[in-house]
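# Survey of secondary and tertiary structure
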Amino acid sequence: MKDTKASSLKNSPASKPSFSSSSTSSSNAVKENAPNLVRIFLDRETTTPLAVFKPPVSIAFILSALGVSATLEARNSNNNNYKVFEGDKKDLEAGDFILCFSLASVWSVKVLFDSTKLVVPVPSPFHQVHHLMQTIAQRLAPFCPPKDNNTTFRIAELRTLDNFAINPYDTIGSVIRDGMTVEVVEWNEWVKLQAEFCTDVWLKIEQSDFVDNKKKSIRVGFHSHNKLYLKTDLDEKTLDLFDVLALANFGKGEGKHVVFSKQGTTEDSFVWKAEASFLADKTGKVYAVELCLKSSSEPTPQVKRVDFSIKNGKLVKGDISVVTEKEKEGPSQAVKLPQESYEGPTFPVIEKEPPVEFGKLVGDLPLKGEEYEKICADQSWARGGVFNNYFYVHVQFTNAGDNPVSIVKIKGQYEKTPGEWLDIQAVWGDKRGFYNYSWYWNDESLEIPAHKSFKIPFNLVIPVESPQFDKNRRASRVLPSPLKLRVILENDAGITSSLNAVYHNPPYDLPTKASRQERDGKQFEFWLQADDTISEGRVFAHVARGEESDGNQRIEVAVSENSGSTYYYYKSNLKQMEFNAKKSGQSEIPIEDLCVEKDGRKTEVFALVDTSKPTGGLYALKFVLKTLSSSATGYYPVPTLKEADF
């Protein structure tokens, strides 16, 4: 930051010195450079004189007027020949001279920071305080390890022992005395103290940087103590405050003046840059702040401006205007996408439920029995490609005789091919609710009391070797349809009866666009599905659009093979995909979160990018679904999403 309190050079009489600064007006600058003046410089490199006198003037008068103990050297810029002037009573004629301080005349300050105490020499009483702060920071650095991952020890301000702040842009000699004690306020602690006063944000630019994966921002706003604050979060954080007096008397002339500028360094062409500028009128009064930010991954900078005024001594926010947008995106609809494609079989659409057939008990046992409820099918999870298909047969028995009937053996069968019946496991149990059973897997006998009727379910178990998509409540595709089942009962006397039952598979209960929209409560802008008629399931993908309360828009993408999880992608996420594609030179890059390979099925989602466009190159998402029996490919044109901003 530049000095905002500089004074102008005046045309002074010979008896009084005239002090100059960096804000000298053009008319006074002519007088500074006039050949008939005695000009005093701080050192050989300085181009602006510290003070000027009308000759003749004595060395003693000059040193007395400046309040220093030093000697003078003649400055000859033509041949760099420096001559020391001896004798403090000698009168000087027009020319350039340099102040030379002896070691005995050098000032020093006593510095306190935490438990560290140092004596630090003052560079020159005519330098500004921020030069002294730099010297103190260098001296303190070995004793103070950096905090909060900062690489250097930083000083925010100096304070007197009675806690008065010292303005960093005042000259050292005007606010500090030789041997004076000052206290150091470390940068991070100062920022924490100021944070509660910097909550009113006037203008903010924030961008994601995909080179270092860090967000970068620059903002300007109102400090509660009637100051303007400028805050950045780049490779490190900065905070600058400007009071009303400094803004009203900026004194740099009409136009734009950069007050903050920083850019990153990298080995390749991706460089971030941030800049803040004051806009001043003819009187040197600041009336607007212009912010500029370009992250490493943005091709062009984003520039915005906020106006303000000073009314009754208070800062008042004005209008915000866009100077340069960071990008101009072309509409993705302009790109012609391929048609959706599908290869392989699909499940038939069956709307009617199959008929229900109830079987009856036939044989020599003194029992009556018949099904009273349709058969329920179930499956276990597959292990090694094998799972159990369960069929729950519900039978009501009636013992009309005078003696109990004891069933000691239960056997199950199913018809694999016409006339070929295979034995399978059968157990009995209790039904407690919908698909809620308790089975008796041991050989415990079943006794049916005389003159009693009661209901009991049987579980017939068929081992199945087949790929399994999910635990389905139906008969596997490898079993006959309809499926004929048989339960054989035998009492302790060896007398048997049997019940023949028929199971019909219901229509497939598969996810559809309509069913998923109803479940999620959203309208999908994209839907793609692929049937797996071998493992009996359906994979799908869908895209919807959402919006946050602050106006931030997103696309919501879900693929069924990834446990149905929905992933949110905002504008910044899409731009990162675009940047990665352009950096790698690929026009089609996979979105890892959405790519899944499972049980021989594969789901892939790609971002399609036009790498020839400087901005807005990501125009579509490509979905590829592959099952054991089919495949489908579809394209979703990515819309231009709105991004919340100040």
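By convention here, two paired aromatic rings are described through the distance between centres and the angle between planes. Applying the stated criterion across every chain yields a total of 21 aromatic pairs. Relative to Phe278, the ring of Phe242 has its centre 4.8 Å away and its plane inclined at 70°; by these criteria the two rings are edge-to-face. Linking Phe242 in strand 17 (residues 237–243) with Phe278 in strand 19 (residues 273–280), this pair joins segments that are 36 residues apart in sequence. Accessibility classification places Phe242 together with Phe278 in one group, the buried group. Centroid distance Tyr392 to Trp439: 5.1 Å. Interplanar angle 40°. Geometry classified as tilted. With a gap of 47 residues between them, Tyr392 in strand 26 (residues 386–399) and Trp439 in strand 29 (residues 436–440) connect regions that are remote in the sequence. We classify Trp439 as buried; its relative accessible area is 16%.

In sheet architecture, strand pairing relies on hydrogen bonds along the backbone and comes in two forms, parallel and antiparallel. Read across the sheet, 4 strands follow the order 14-15-16-17 without closing on themselves; strand pairing throughout is antiparallel. Looking along the sheet, the strands with just one partner apiece sit at the ends: strand 14 (200–209) and strand 17. Each strand of the sheet is rotated relative to its neighbour by a mean of 10°, with strand direction disregarded. Judged from the 9 bridges that link them, strand 14 and strand 15 (residues 214–223) form a sheet pairing that is antiparallel.

All right, on to the confidence of the model for the protein chain then. The share of residues in the protein chain with pLDDT of 70 or more is 87%, and the mean pLDDT across the chain is 85. Confidence over residues 1–32 falls short of pLDDT 50; this stretch has 66 contacts with residues more than four positions distant or in other chains.

As a further point, take the sheet that holds strand 36 (residues 553–559). An order of 34-35-36-37 is seen for the 4 strands of this open sheet, with the pairing classed as antiparallel. Edge positions in the sheet fall to strand 34 (526–532) and strand 37 (566–570), since each of these pairs with one other strand and no more. Each adjacent strand pair in this sheet contributes to an overall mean axis angle of 15°, direction not counted. As judged from the 7 bridges shared by strand 34 and strand 35 (residues 537–547), these two strands associate in the antiparallel manner. For Leu528, the partnering residue across the bridge sits in strand 35 and is Ala541. In the packing of helix 8 (residues 571–584) onto the sheet, the strands contacted are strand 36 and strand 37, and the crossing angle to strand 37 comes to about 80°.

The rules behind these values
Residue numbers here run from 1 along each chain, matching the order of that chain's written sequence. For this predicted model, a pLDDT threshold of at least 70 governs which residues receive local features, and a threshold of 80 or more governs which side-chain atom pairs are given and counted, while totals over whole chains, interfaces and linings are taken from all residues. Heavy atoms throughout the structure, all of them, feed into the side-chain values; hydrogens and water do not. Each pair of aromatic rings taken from Phe, Tyr and Trp, with Trp reduced to its six-membered ring, is defined by centres within 6.5 Å and is described as stacked if the planes are under 30 degrees apart, edge-to-face if over 60, and tilted in the remaining cases. Every helix listed is a DSSP run of H or I at least four residues long, and every strand listed is a run of E at least two residues long, numbered separately from the N terminus. The cut-offs for exposure are 20% and 50% of the maximum accessible area for each residue type, with area from a 1.4 Å probe on protein chains only; residues under the lower value are buried, those over the upper are exposed, and the others partly exposed. What makes two strands pair is DSSP finding at least two bridges between them. Each axis is a line fitted through C-alpha atoms, and for a helix only the stretch in contact is used; angles between axes span 0 to 180 degrees, taken between their N-to-C directions. The quantity known as pLDDT measures the predictor's confidence residue by residue, on a range of 0 to 100. A contact between two residues is defined here by any heavy atoms of the two lying within 4.5 Å.

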